[in-house]
Amino acid sequence: MQILVTGGAGFLGSHLCEALLAKGHSVLCVDNFYTGSLENISHLRENPNFELLRHDVTFPLYVEVDGIFNLACPASPIHYQKNPVQTFKTSVHGAINLLGLAKRTGARFLQASTSEVYGDPIMSPQTESYWGNVNPIGIRSCYDEGKRAAETLAFDYHRQFQTDIRIARIFNTYGPRMAIDDGRVVSNFIVQALRNEPITIYGDGSQTRSFCYYTDLIDGLIKLFFNEEIQGPVNLGNPKPIPMNSLAKEIIEITGSSSDLVFLPLPGDDPKQRDPDITLARERLGWEPLVDRADGLVKTIEYFKTKI
C-alpha cells in the first residue's frame, strides 16, 4: 500500500513509518516540523519506498494514497499550550483536510486520538463508552477538545460518506526519540535524573499515569488499521497505572541518580488518573502490551544518555 503518515517525523510517527516500511509498504511522511525532527527519519531517507514532504495539514493536501495515519498534532502540554489556536486548527482543519483526501481517494483513515478525550475522569479504568469529563475552556482544551472534534468528524464522514475510518485512543507512550524538552513526565524525570537535578513532581505525586512502550503502541496502531471489522474508538495503552512519586523513584533507582524530589503546584485541569480498559483491544485486535515498564525505561534511559 501507499500510506500517508502525517506527523511522520515525530516520536511515534517516525517509528510508525519505520514499521510500515519494514512490512513492505510505501510511506509518504508529512510533517511541518513544529515538534518533529529530521533526525528521527534521517535513516529512512535512502529507502526508495520512503518519501518526505514538508507540509502543514491545516492546508489541503493533494496526493494519491491507499491509507492515512493522522498523527499530526503536538502531544505534550508545553508544545500544544504554546500555540493553542494552531493546535486546535491542526486537529480540526487537519482532520477535515485529511478526511476529504480519504473520501476522494477511497483511502482508509486512522485518527490518532488520545486518552485526553476523557479529561479528568470520574471513573477508572476508562472504557471507550465513557464520554469523559473535559473542561471546554481550560488551558488543555485546545488539545482535548481538538481531538474530540477530530473523532466527531471521522465518524460523521463515516456515516455521511461511508469513509473507512479507525479511531485509536492513545494513552501515555514512551521510548527512544522522545524529545528532551517535550515536557512529558517520562522524559522530564529521566533527563533530570541523568543530570542529578531535582525531579519536579506536580501536585502531591499521587496522580497516576499508565505508560506503554512505543513498540507495543505501534503494533496496536497497525493491528487496528488493518482490522476489517472495527472502526473504534479503541483504547491503546498499558493497563498498569503508577503514581508519579513511584515512577520518579523507579527512574532514580535505574539511573543511580542522586536527584531529590521537588513538589510544585498542580497545573490547571491536570487529570488525576489515567488507566485504560483495553478489553476491546484484547478481544477484537488480539493486542495487549508486552514490554514491561522497567525494561522499557532501561532502553529509554540508554537513549537519553546518548542525547545529554
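Caption draft 1: Just the pairing of strand 1 (residues 2-6), in detail. The buried fraction of strand 1 amounts to four of the five residues, a majority that puts the element mostly inside the structure. In terms of strand pairing, strand 1 meets strand 4 (residues 67-70) through four bridges, oriented parallel. Each residue of the ladder has a partner; that of I3, found in strand 4, is G67.

Caption draft 2: Expanded view of the sheet that holds strand 5 (residues 108-114). The strand order 3-2-1-4-5-6-11 describes an open sheet built from seven strands, whose pairing is parallel. The open sheet has two edge strands with one neighbour each: strand 3 (50-54) and strand 11 (234-236). Going across the sheet, the axis of each strand differs from the next one's by a mean of 20°, ignoring polarity. Judged from the five bridges that link them, strand 1 and strand 2 (residues 26-31) form a sheet pairing that is parallel. Residue pairing for strand 2: V5 is matched across the bridge by C29. Across the sheet, helix 4 (residues 84-105) lies against strand 1, strand 4, strand 5 and strand 6 (165-170), angled at about 170° from strand 4, the strand it touches most.

Caption draft 3: The arrangement of helix 7 (residues 214-226) in detail. End to end, helix 7 covers 19 Å across 13 residues, agreeing with the expected 18 Å (1.5 Å per residue, within 8%). Within helix 7 the residues assigned to the buried category are Y214, D216, L217, I218, G220, L221, I222, L224 and F225.

Caption draft 4: Structural context of the environment of G10. With respect to the helices and strands, G10 occurs in the loop between strand 1 and helix 1 (11-22). Separated by 168 residues in the primary sequence, G10 and M178 place their C-alpha atoms 8.3 Å from one another. Excluding anything up to four places from it in sequence, G10 contacts D31, G36 and N40.

What counts, and at which threshold
Residues numbered from 1 in each chain as written. Predicted model: local features only at pLDDT ≥ 70, side-chain atom pairs only at ≥ 80, totals over all residues. Heavy atoms only, no water. Buried < 20%, exposed > 50% of the residue type's maximum accessible area, 1.4 Å probe, protein only. Helix = DSSP H or I, 4+ residues; strand = E, 2+ residues; numbered from the N terminus. Pairing = 2+ DSSP bridges. Axes fitted to C-alpha atoms, helices over the stretch in contact; angles between N-to-C directions. Contact = heavy atoms within 4.5 Å. Expected span 1.5 Å × (residues − 1).

Don't take any of this as a statement about function, it's just geometry.
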